[in-house]
Structures are given as C-alpha cells and as structure tokens.
Amino acid sequence: KAKTILVTGVGMAKGLVLARLFHRSGHRVIGADFEPSGALVCARVSKAVAKFHRLELGDDLKYVKQLLYIVRKEKVDLWVSCSGVATALEDAYAKEPMEEAGCAVVQFGIEETKVLHEKDSFIDYIKGLGLNVPETYHVGSIREVMDILYSPPLNEKYILKSTGMNDKTRGDMTPLPLIYPSTTREYLTRTFNSSTTTPNTGSSSFVLQEYIFGHEYCTHALILQSRVAAFLACPSASLLMHYQPLSPTHPLTQAMLAFTETVAASFGPGFTGHLSFDFLVKNSDIAKQDWRSITLWPIECNPRCHTAVSLFNSNTSVGSEMVKAYLSLLNKPDHVKEAKHPEAGAQTPNRSRNGSLHPNLLLNTPTPLASTPSPSPPQPLSPTHPPSTLFLPHDLLTLLLLPALRLLTARTSRAEFRTTLRAFGIRIQEIRRGEWRDGVYEAWDPWPAWWLWHVYWPLRLWGAVREGRRWGALNLGTGKMF
C-alpha cells in the first residue's frame, strides 16, 4: 500500500535523492525545506514531489508547529529528516511531537543529537566508549591554547576547530603552533575574533585537536532501532564535491562499519536516524588487509543524512530495499503513539515545565568497550559498484570556465590551461562511460537540475548581494553559502 512520506531538506541533493527513491517505489512524497533569500528550491519542480511546503526560520516551537501542520494536513505516515547542519537540533526537538501526532520518524532525539552534534561532546562520548580518539582539549581563550601548544613535549601539531557552526573557520586546517609564538598568537586572535558561534551550556567555544597526518574518509548510515540498516564509506575533503565509494568489502569500510555499529548500539534500543562520521586514517594503515588492525581517528560526527546517500540512487534494487528498510518502522506500533492525525489546525503541545519543548531522553552512561566488535549479520545494505557522484556545473566551472578566465586575464599559462582542459575532457569521457553521474540530474526528472543552476543559485547569489552578505565558497550539494 502506498504511504505518504514527508522528506525535509529536499532542496539539498540528499533530500531529493531520498524523495526520488520513495517516489520510484510508488509512495506519495511531500517535500519541505527552507528557501533562504526567497530562492525557490529545485524540489518544487521535481516529478518525485507531490506537494512542497516552504518552512520558515524561527524558534524551535515555531519550527515544530510547521512540521505538525504538514503531518496533519497531508496525513503523513513517515517523516524522513534530512537536516542541514544549522537545523540538526531543531529536527531533534521535533521528534517526539511528531511521533505523538501518529507519524513514524527517522530522526534521533534531542539528547543523542546534542552529544553527537558538538565536536567536544562527541569526542568525550567516543572516548567514554573506550574507542580511539585524537588528543583533544576544550579551550575557550587564546591563553589556554598557547599554554597547551608551548608546554612540553613540543613535537605535536594541533588544529583549532569551533565546536559549533562557524562557516568562517570550518575549512581552516592550519597546523599549530606556527614557527614563532608571536605569529601563532596573531593567528589565534584572528580566529577567535572571527568566531560568531555561541557554545551550548557546558561546551567550550573551540577544541584544540591533535593533527593526524593521513587520509580523510566519511560515512553515511541509516540506523533503525540501533541497527545499521544501510552503510557506505568514501574518501572525503573539507569541501566535498565528488563522491567515490569504497567497496563494501574493503578493510577500511569494514573498520568504519564496525565503529558505526559500536556507537549505534551504545545508545540502546530506539536509536533511529541518519548517522555520519568523519575519520582520519594514517598512511601506514591505508593498505592493511585486516580491518581489525586499522586504527581509525574519528574527528567529527554528523547525526544527519550525508550527501553520500546519492550513491544509493544508481542501483534500483538496492534503492528499493532501502525504502523497505525505512518503511519497516511502520510495522512497529510501539514507536508510534496512539493519536492519529488530528485536524490541521489542532493545538501544538506546549513546552514542558522546565522550558524545554518536550521531555529530554536520558542517555545511559557509555560502557567502555575493550575493542570494536566485528560486524554481525545481516550485513547492511550497500550499493555495489555504483557510479561515483559529482556535480557537473562544479567541474565545468573549476576545470573550464575559471581556467579560461584566468588565461584571458594573464593569471595562468597556456600550458596550465591545456592541463585543466584535458582534465575536463577526461571527466566528460568518464561520464559517458557511466563511471560518474550528476548528483541532481535524472533523465526521467530533469527539471530540478536545470532549476538549481538557472533559478535557485542566481536567486541565492542575488540575495547575498542585496543583503550585503559576504561569501567565499558554495556547496552545490547542500545549497549552502559560506
């Protein structure tokens, strides 16, 4: 029987991918997302989205009211949250009210999300599980950082990262300390002054983390009742525009899967949502054939859907099985409250006595684990030999248009331009051979890709000019400017 699925975050590639998977399986998809600066999102013109609702920015209660209105009006059976980094906690606040409205939910609760979302609390939690973590210090002042950097031993390198969302410093991977204490202090002064984040209670504004020399990887997992139902891993970067999956049998994939299973199991029954990790792996571990001998260095957790989910989009059978996994939540009535879809104008639950939107869930104190357990059957769903994902306009811009502009303005040589032009030609050939596919374009649903580049991004850029907002980079997968 066809179900009604609410997918939030459909303006991003990951949300659109999930909407298309549900649509292809015969379900009715309701899309919802924010439209900053009035930029109309591409999901509005997708064949996969039966109806779109614009979400408005506001406090937690206002956001939850909007979601509840959609659930009641559209008679939604399942809410699949595709949070952006800025709304991870808002979606977590909405979990319990949505369940009370009779809607099954793929979203972690507020306490779990708080622990995993912030860099410092995440590292503390993983350390409490007895798993390996980089040496990490919570710091709130320049003096604290200087004391750590210039205390013996002096042979370690660190990077400074904001614990919250800070677009100005997110890509800064400067190894510290610098050559001279004076230049280190100048760098720290600039970094602290640029921070606009307000840390949560009990959370410092920055973490000083051991700099691991190696390769970065990211993962995406669907967690259903503490079980890893779908999983993949791929190489990562600070601004990831190309997704190339590792084989499900690769030792690195198995090591990262085992880590994910350990963390998911530690939260106990009911832990359901999307879970992504960023890891660093030292060069000496890359070629190891036994996953148990690989040392992973977890540096960050994203308790939300990752754009790498687009790699599931190329295999119809695996995508269909993943939809079935999502819908399995509808077969578990103990996770959905008795109330069923009151009228759209019904009153929203008020805040509890302590001022929170709804009662917090208490986390169990993590039990230290001697070692990471091996993956146990059944194995999670994984795409087998899928084409890698790219965003073609990004390659068109970086490999053709910008090099041509630099050549015309005498900022590059003809030889360098020929090199990038050759790289673009090779990429086009790889696309024609089916080795790569665009993360937004689908032949049966072509308009979202056209809309994204001809309507959404021009409106976003014009909005930034109109509002006087500066930006330095665009993430074409998430629709984010920073």
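Residues numbered from 1 in each chain as written. Predicted model: local features only at pLDDT ≥ 70, side-chain atom pairs only at ≥ 80, totals over all residues. Heavy atoms only, no water.

Colleague: Is there a simple way to think about the environment of aspartate 60 in this case?
Modeller: Within the element layout of this structure, aspartate 60 appears in helix α2 (residues 60-74). Overall, the relative accessible area of 18% leaves aspartate 60 in the buried class. For the pair aspartate 60 and aspartate 91, spaced 31 residues apart in the sequence, the C-alpha separation amounts to 8.6 Å. (Helix = DSSP H or I, 4+ residues; strand = E, 2+ residues; numbered from the N terminus. Buried < 20%, exposed > 50% of the residue type's maximum accessible area, 1.4 Å probe, protein only.)

Colleague: Help me out: how do you make sense of the sheet that holds strand β7 (residues 158-162) in this one?
Modeller: Pairing within the open sheet is antiparallel, and its 3 strands lie in the order β6-β8-β7. Every other strand in the sheet has two partners, leaving β6 (136-139) and β7 as the edge strands with one partner each. Strand-to-strand twist in this sheet, taken as the mean axis angle between neighbours without regard to direction, amounts to 25°. Relative to strand β8 (residues 206-210), β6 runs antiparallel, the two sharing 4 bridges. Residue pairing for β8: threonine 136 is matched across the bridge by glutamine 209. (Pairing = 2+ DSSP bridges. Axes fitted to C-alpha atoms, helices over the stretch in contact; angles between N-to-C directions.)

Colleague: Can you help me understand the packing of helix α6 (residues 142-149) against helix α7 (residues 181-194) in this one?
Modeller: When two helices pack together, you describe them by how their axes are tilted relative to each other and by the distance separating the axes. Following both chains from N to C, one finds α6 and α7 inclined at 145°, their axes separated by 10 Å at the closest point. Judged by the sense of rotation from one axis to the other, the crossing of α6 with α7 is right-handed. Along the contact surface, α6 presents Ile142, Val145, Met146 and Leu149, while α7 presents Pro181, Thr184, Arg185, Leu188, Thr189 and Phe192. Along the lines of polarity and charge, the residues of the contact of α6 with α7 split into 7 nonpolar, 2 polar and 1 charged. (Left-handed = near helix turned anticlockwise from the far one by under 90°. Contact = heavy atoms within 4.5 Å. Nonpolar A, V, L, I, M, F, W, Y, C, P; charged D, E, K, R; others polar.)

Colleague: Just to check I follow, could you spell out the nonpolar core for this structure?
Modeller: For soluble globular proteins, nonpolar side chains are generally found buried alongside one another. Counting 56 residues, the largest nonpolar core has Leu18, Phe22, Leu78, Val80, Leu222, Met322 and Tyr326 as the members making the most contacts within it. Elements supplying a minimum of two residues to this core: β1 (4-8), α1 (13-24), β4 (78-81), β5 (104-106), β9 (214-224), β10 (227-235), α10 (316-327) and α13 (447-467). Of the residues forming this core, the biggest block, 8 residues, is contributed by α13. Beyond its immediate chain neighbours, meaning those up to four positions away, valine 80 contacts Ile5, Leu6, Val7, Thr8, Leu18, Phe22, Val106, His274 and Tyr326. Among the nonpolar cores identified, the runner-up in size contains 35 residues, and Tyr125, Ile223, Leu252 and Ile294 belong to it. (Core = buried A, V, L, I, M, F, W, Y, C linked by side-chain atoms within 4.5 Å.)

Colleague: Can you help me understand the pattern of salt bridges in this one?
Modeller: Pairs may arise between side chains of opposite charge once their charged atoms sit close together. This structure, assessed with the given rule, holds 15 salt bridges. Arginine 28 serves as the salt-bridge partner of glutamate 74, at 2.7 Å between the closest nitrogen and oxygen. Within this pair, whereas glutamate 74 is found in helix α2, its partner arginine 28 is found in strand β2 (residues 28-34), the two being separated by 46 residues in sequence. Glutamate 74 sits in the buried class, given a relative accessible area of 7%. For arginine 28, a relative accessible area of 34% corresponds to the partly exposed category. Residues participating in the shared-partner salt-bridge network are Arg28, Lys51 and Glu74. (Salt bridge = Lys/Arg side-chain N within 4 Å of Asp/Glu carboxyl O.)

Colleague: Explanation requested: the sheet that holds β9 in the structure shown.
Modeller: Within a sheet, neighbouring strands are paired by backbone hydrogen bonds and run either parallel or antiparallel to one another. Here 4 strands make up an open sheet; going across it, the order is β10-β9-β11-β12 and the pairing antiparallel. Edge positions in the sheet fall to β10 and β12 (297-302), since each has one partner strand and no second. Along the sheet, successive strands turn relative to each other by an average axial angle of 20°, direction set aside. Direction of pairing for β9 relative to β10: antiparallel, over a ladder of 8 bridges. From the neighbouring strand, threonine 219 faces β10, where its bridge partner is alanine 233. The sheet contacts of α10 involve β9, β10 and β11 (273-282), and relative to β9 the element is tilted by about 55°.

Colleague: Would you explain unusual backbone geometry in this entry?
Modeller: The general pattern is negative phi for most residues beyond glycine and trans for most peptide bonds. A cis amide bond links leucine 176 to the next residue, proline 177, at an omega of 5°. For proline 177, the position within the fold is in the loop between β7 and α7. Positive phi outside glycine occurs at histidine 385, with the angle close to 50°. Relative to the helices and strands, histidine 385 is located in the loop between α10 and β13 (388-390). One non-glycine residue, alanine 410, adopts positive backbone phi at about 60°. Note that alanine 410 resides in the loop between α11 (392-408) and α12 (414-432). You can call alanine 410 exposed: its relative accessible area is 67%.

Colleague: Explanation requested: the packing of aromatic side chains in the structure shown.
Modeller: Any two aromatic rings considered together are summarised by their centre-to-centre distance and by the angle between their planes. Overall, the coordinates contain 14 aromatic pairs when judged by the stated rule. Where phenylalanine 22 meets tyrosine 326, the ring centres are 5.4 Å apart and the plane angle is 55°; that geometry is what we call tilted. In this pair, phenylalanine 22 sits in helix α1 while tyrosine 326 sits in helix α10, placing the two residues 304 residues apart along the sequence. Like tyrosine 326, phenylalanine 22 is buried. (Phe/Tyr/Trp six-rings, centres within 6.5 Å; stacked < 30°, edge-to-face > 60°.)

By themselves, these figures tell us nothing about what the structure is for.
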